[in-house]
Every structure is written in C-alpha cells, then in structure tokens.
Number of protein chains: 2
Amino acid sequence: MLSIGDLSKRTGVKVPTIRYYEQMGLLTAAERSEGNQRRYERHDLERLAFIRHARDLGLDISAIRELIALSQHPHQPCGNVDRIASDHLKSVRDKIEKLKKLEQELERIVSHCDGDHAIEDCYVIRSLSDHGLCDGEH
Amino acid sequence: MLSIGDLSKRTGVKVPTIRYYEQMGLLTAAERSEGNQRRYERHDLERLAFIRHARDLGLDISAIRELIALSQHPHQPCGNVDRIASDHLKSVRDKIEKLKKLEQELERIVSHCDGDHAIEDCYVIRSLSDHGLCDGEH
DNA sequence: TAGATATCTCCAGAGACTATAGGTTTGGAG
DNA sequence: CTCCAAACCTATAGTCTCTGGAGATATCTA
C-alpha cells in the first residue's frame with residue numbers, strides 16, 4: 001500500500017495533480033486509511049503511469065478517459081483506440097505546420113533588426129504595426 | 001468615432017476580447033458616449049491591429065504590454081524590442097522541436113496498429129501502459 | 001510522547017479568452 | 001416622434017490542466 005506521496009515519487013506526478021486526476025475520473029477513488037488518507041496499490045500505479053505517459057504525448061484528459069474506458073473491454077477491436085491516437089497525431093502535425101509558419105515570419109521580422117537603432121525605426125515594431133509588411137496571410 | 005462593434009468588424013477581434021484587452025491594460029480606456037458606450041478613434045484601431053498581429057504571432061499579453069510600453073519611447077534604442085521578439089522566436093523553435101519528437105513517437109506507435117485487432121493486443125494501449133516500448137526519454 | 005513531516009479539504013489563480021444574464025442605449029423604419 | 005430590434009453595458013462564471021496556499025488532521029521517527 002502506497003501513500004499519495006509514494007505514488008507521486010514513483011510516477012513523477014505531483015500530489016495535487018494525482019488528486020486532480022481522481023476528481024476528473026481518470027483514477028478511481030482510492031481506498032482510505034483509518035485516518036482518511038489515500039492508499040494505493042500496484043494497479044493504481046500502473047494506471048497513473050499510463051495517464052502520465054498519455055499526457056506526455058499530449059493527449060488531453062477526455063481522450064485519456066476514453067482510452068481508459070476502451071481498455072476495460074480488452075476483447076473488442078481497437079478501431080477507436082487507433083482513431084484517438086491518429087487524430088492526435090494529425091493535430092500534432094497541424095500544430096507543427098502552424099508553428100513553422102510563425103517561425104518563418106518571426107525569423108524574417110527579427111532578421112531585419114540589429115537591436116541597435118531607434119524604436120521608431122525598428123522593423124519589429126513596424127511589422128507589428130503594419131500587416132502589409134508580412135509575407136503570409138495570418 | 002467607431003463603436004466597439006465597428007472596431008471589432010474592422011480588426012477581426014471579437015467584442016468581448018476588445019473589452020478584455022482594455023481590462024488587461026493593452027488598450028487605454030476608451031472615451032464614452034453620453035449613454036456610456038465606448039467610442040474609438042483611428043489610433044485605437046491601429047493599436048488594436050498591432051495587438052492582434054502580435055497575438056497572431058503568438059506573443060503573450062505581457063510581452064505585448066511591454067512592446068507597447070517600449071513603442072511609447074520611439075527615440076530609445078530597440079534592443080529590448082529585439083530581445084522580446086528573439087526570445088519568442090526561440091520559444092517557438094523549442095515548441096517545434098518538442099512537437100516533432102511527439103510526432104515521431106506517435107507515428108511509431110500508430111504505425112504498429114491496423115485498428116482491427118483486440119484492444120488487449122493493441123500496440124497503442126501497450127505503448128501507453130509500458131514506457132519501455134518507447135524510443136525517446138520523455 | 002513530542003515534533004516534524006505528510007496528508008486532508010476547499011478555494012483561488014494562471015492565461016486568454018468566451019459565454020451568459022439582466023439591464024440600457026442606439027439607430028432606423030413607420 | 002415612437003417603437004423595436006440590435007447593439008451595447010456590467011458583472012460573473014466557465015474553459016483546461018494543473019498548481020499553490022490556508023488551516024486542520026494524520027502519520028512517522030526519535
């Protein structure tokens with residue numbers, strides 16, 4: 001039986017975050033000690049590791065909730081599991097694309113500025129003031 | 001004199017967002033009509049366009065506040081302006097790097113799954129459960 | 001058994017909005 | 001001029017995923 005602090009140390013998930021996950025229904029409410037403190041077992045540790053891993057991969061709480069629900073039916077086909085992961089992959093790719101465009105635009109703006117002239121002439125400020133100086137369509 | 005709705009239409013910033021920017025100190029409190037409605041002029045339009053553009057580039061409110069403050073001193077050197085923009089560019093690049101790692105990991109996980117076997121055997125679920133199946137160090 | 005550490009619950013804050021409720025002003029048509 | 005719909009006002013709460021604090025209680029170690 002692990003205390004919430006033990007669980008925290010073993011998974012790297014902070015104590016308040018563990019309570020938060022319980023509140024959000026990702027972790028089932030833990031057993032309690034006589035003094036009302038949470039006590040965990042191996043399967044809680046595994047579940048929390050699963051959650052942490054999924055969060056590290058950027059999945060949101062509701063997706064994780066769904067994955068957990070699906071994993072409770074081990075004999076069903078995994079189409080929905082695949083869909084959740086694939087959708088997420090797509091959204092990661094979309095984000096990368098957007099950020100790359102930003103990167104280019106910022107690069108272009110910053111490259112015009114040596115940091116050593118008057119603000120009124122600064123290309124960074126002028127670009128922000130005047131969309132006409134931009135390349136793309138954002 | 002523009003109403004808040006006019007300003008919204010011209011800049012593409014939603015009405016409640018304009019009020020929010022005022023509250024956050026990005027826009028100076030607008031003049032009011034007799035009936036207490038906000039009335040804007042050209043320079044407010046320009047300021048808001050500046051803010052929108054900076055937000056589109058991903059700068060956060062506090063960075064924008066700083067840029068506005070700096071732009072009020074047009075004769076000072078623009079080193080700080082350059083620093084803000086460069087720092088942001090760096091953070092965008094960092095985000096891209098992180099997302100690319102995620103992309104690879106997700107790609108690898110998803111590629112093992114055809115969406116058509118039992119959940120208990122699904123590589124997606126197994127990967128999430130067992131960090132040992134991962135490539136990287138996240 | 002005392003004191004230090006860990007835990008409990010509840011609440012607030014972060015960031016950047018967005019939405020709702022309930023009330024007032026404005027602008028155009030008749 | 002009057003009426004009504006649309007736009008506006010304020011204040012408040014909700015989004016999402018935590019994180020931190022206050023004040024009280026439990027557990028562990030010496």
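Worth saying up front: this structure is predicted, and the values here are computed from it rather than measured. (Residues numbered from 1 in each chain as written. Chains lettered and ligands numbered in written order. Predicted model: local features only at pLDDT ≥ 70, side-chain atom pairs only at ≥ 80, totals over all residues. Heavy atoms only, no water.)

Asker: Even after reading the chapter, I still don't get helix H1 (residues 4-11) of chain A, so can you show me in this structure?
Answerer: Spacing of three or four residues puts side chains on the same side of an α-helix, whose turn is 3.6 residues. Residues and elements named next belong to chain A. Listed in full, the buried residues belonging to H1 are Ile4, Leu7, Ser8 and Thr11. The arc that holds every buried residue of H1, seen down its axis, measures 100 degrees, which confines them to one face. Exposed residues on H1 whose side chains face more than 90 degrees from its buried face are Lys9 and Arg10. The secondary structure elements touched by the buried residues of H1 are helix H2 (15-23), strand E2 (38-39) and helix H3 (42-56). Trailing H1 by a residue or two, Gly12 shows a phi angle of about 80 degrees, which is positive. (Buried < 20%, exposed > 50% of the residue type's maximum accessible area, 1.4 Å probe, protein only. Helix = DSSP H or I, 4+ residues; strand = E, 2+ residues; numbered from the N terminus. Arc of directions from axis to C-beta. Contact = heavy atoms within 4.5 Å.)

Asker: Any chance you could explain the protein's contact with DNA strand C here in plain terms?
Answerer: Neighbouring DNA strand C are 18 residues, the closest being Gly5(A), Arg19(A), Arg38(A), Arg55(B) and Asp60(B). When the atoms of DNA strand C within 4 Å of the protein are grouped by moiety, sugar and phosphate amount to 88% of the total. In this structure, a phosphate oxygen belonging to DNA strand C sits 2.3 Å away from a side-chain N or O atom of Arg19(A). Gly35(B) has a polar backbone atom sitting 3.0 Å from a phosphate oxygen of DNA strand C. Those elements that place two or more of their residues in the surface near DNA strand C are H1 of chain A together with helix H2 (15-23) of chain B. Residue contributions to the surface near DNA strand C peak at three residues, all from H2(B). For the surface near DNA strand C, the per-class residue count stands at four nonpolar, eight polar and six charged. (Near = heavy atom within 4 Å. Polar contact = N/O pair within 3.5 Å; in protein donor to acceptor, adjacent residues only side chain to side chain. Nonpolar A, V, L, I, M, F, W, Y, C, P; charged D, E, K, R; others polar.)

Asker: Explanation requested: the packing of aromatic side chains in the structure shown.
Answerer: Aromatic ring pairs are reported here in terms of the distance separating the ring centres and the angle at which the planes meet. Residue and element names in this part refer to chain A. Going through the model one piece at a time under the given rule, you end up with two aromatic pairs over all chains. Taking the centre distance of 6.0 Å and the plane angle of 45 degrees together, the rings of Tyr20 and Tyr21 count as tilted. Judged by relative accessible area, Tyr20 falls into the partly exposed class, the value being 38%. On the basis of relative accessibility, which here comes to 8%, the residue Tyr21 falls in the buried class. (Phe/Tyr/Trp six-rings, centres within 6.5 Å; stacked < 30°, edge-to-face > 60°.)

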